[in-house]
Amino acid sequence: MNWYGRPDFRFHSYVKQSEAETDTGFEFGKRDSRRLIAWGGGYQNKAEPQRLWFYDLSANPDPWTNSYDVVNPDVDGDGRADVRHPPIWEYGTRRNNLGFGRFVSPDLANTVRYTAINLLFTPSPIYRAELTPPEMPDEIELRLNVDSGAEAAAVERVLKPALVQNRVAVLNPFAKFSTVVDRETLQGDLRDVYDCFFVIDAEDICSPEFGDTTGEPLFRYNLQDLREDAANAPDNKYVLPSYLFNDDADPTGGLLGIAYDDSETGTQSFVYSFTSPNLAGLYGLTDTTVHEIGHHMSLSHPHDGYDSERDLSYGASGPFLYVNSGDQSASIMSYIDLTFTFGQFNLDSQYRYLTAAYLNNTGAILDIARYEGKMPKVAPTAIKADDLFAQAKAEYAKMNYFQAAKLGDQAYRMVLNEVQANGVEIEGYKWYENLEGLSVNGKAEPRVVNNHLPYQGAVIFPEETPFQRALRLSR
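Residues numbered from 1 in each chain as written. Predicted model: local features only at pLDDT ≥ 70, side-chain atom pairs only at ≥ 80, totals over all residues. Heavy atoms only, no water.

A. Highlighting the sheet that holds strand E4 (residues 176–185). Judged by pairing direction, the sheet is mixed, and its five strands sit side by side in the order E4-E3-E5-E7-E6 without closing on themselves. Whereas interior strands pair on both sides, the edge strands pair on one side only; in this sheet they are E4 and strand E6 (257–261). Ignoring which end each strand starts from, the neighbouring axes of this sheet average 20° apart. Two strands pair when backbone bridges link them, and strand E3 (residues 139–148) and E4 are joined in this way by ten bridges, in the parallel orientation. (Pairing = 2+ DSSP bridges. Helix = DSSP H or I, 4+ residues; strand = E, 2+ residues; numbered from the N terminus. Axes fitted to C-alpha atoms, helices over the stretch in contact; angles between N-to-C directions.)

B. Local environment of a nonpolar patch on the surface. There is a patch of nonpolar side chains on the surface, built from Leu-108, Val-112, Ile-117 and Phe-121 and spanning about 290 Å² of accessible area. Mapped onto the elements, Val-112 comes out in helix H1 (residues 104–121). Accessibility expressed as a relative area gives 41% for Val-112, which makes it partly exposed. (Patch = residues over 30% accessible without salt bridge, like charges linked within 9 Å, V, L, I, M, F, W, Y side chains within 5 Å. Areas by Shrake-Rupley, 256 points an atom, 1.4 Å probe, with all protein chains shown as cover. Salt bridge = Lys/Arg side-chain N within 4 Å of Asp/Glu carboxyl O. Buried < 20%, exposed > 50% of the residue type's maximum accessible area, 1.4 Å probe, protein only.)

C. Structural view of the nonpolar core. One finds Ile-140 and Leu-142 to be the most contacted residues of the largest nonpolar core, which totals 55 residues. Of all the secondary-structure elements, those providing two or more residues to this core are E3, helix H2 (155–158), helix H3 (161–168), strand E5 (237–246), helix H7 (286–296), helix H8 (344–371), helix H9 (375–397) and helix H10 (401–421). For this core, the element with the highest residue contribution is H8, accounting for nine residues. Among residues more than four places away in sequence, those in contact with Ile-140 are Leu-131, Asn-172, Ala-175, Lys-176, Phe-177, Ser-178, Tyr-238, Leu-240 and Met-297. Formed by 24 residues, the second largest nonpolar core is a distinct cluster that contains Phe-198, Ala-230, Tyr-272 and Phe-274. (Core = buried A, V, L, I, M, F, W, Y, C linked by side-chain atoms within 4.5 Å. Contact = heavy atoms within 4.5 Å.)

Take it as geometry only, folks, not as evidence of what the structure does.
Below you can see the structure in the form of structure tokens.
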């Protein structure tokens, strides 16, 4: 959109004030830092999908991408000159201006490619949507382990478990969801490994050279806890391990949560959420937990991702600072705190991922059956499943992604049941049975980086940069 130059043009930007943080009721839409130049991707129940996102070149100020600052070359302080897309009227202006020598069309093309297509419409998954290949879970249990300081706010004030389950369940509507809440006091060994994660009084808890934010002591502690929880779970139930820290001190510095991988294979592992007195009145645990479980189920932020043609990972920093505009969309995966559910773009992506997961894992199961010499008995069912996958492909091509995933689920279950009925053992991958911690003794590890600058190949970005955290907490 570009209204600049029309006779009725007014300088403008947009606001969204219809939603409040679930636990605190705080309305982030009333903050000046949430002024918008773009929006879209909202999900409307029982309505046709509206896959729209507008981007207004003639709107400003836009604090979320700092495009109004046309002088400062490095607004996020990462030591790299930023690429920001200035308001339309700044193009071709004076030499000390961000718009000097710039052309609208290339900038707009970059927004279309690197923000709209790569991060909103067709983002790459960050983790496996199938969770436990090749046997995907029939049930998913949200294990919410709430660890509270002795003088912390009452858990009921900062967490609504039923809402967490209701909001997350849409990411896999073909599995049965349940929720278990375990409450513990944040003390003893747990308090020590928690404080070590934030390097608080490091000389007393973990020596400075070992006090690092990879969280290995906390990871090891929770790994043992998960093994005990999962030992009693049926094979077809996936225990999704979430650790929610309701502290009565202020160690977090604004960190709300993080979704970890196992640091060996890139498989999703633990979900962490944090709240403490310095966040009182702003954030509880409900929305953060939904956001982090969204990562665990495979969704990324709308401000960092991957370009497949260039094999390039990038985030909102340096030459790609402008992709922070992706946060200006209806998604709890955004940092802008204006929507607290998953949007249409999230659901489209997740159902695409699931469709592919059902197809790939059906093939893997058939390979196992072939190795066991069972294909003559399984072949008729495989042919029927192939027909269902052909239908799924047709629905996928028509952008009916939920229906495609539903057909994929039916085909997958048909083959899985037939293969198991013929005596073939199919077992899902359980990452926590294969690790002792984060140390890997020379084995290959996923590439983890500590900033959002572009990298060749796939990498795991940090949950947020200091600049993004300051922006999220800004007025």
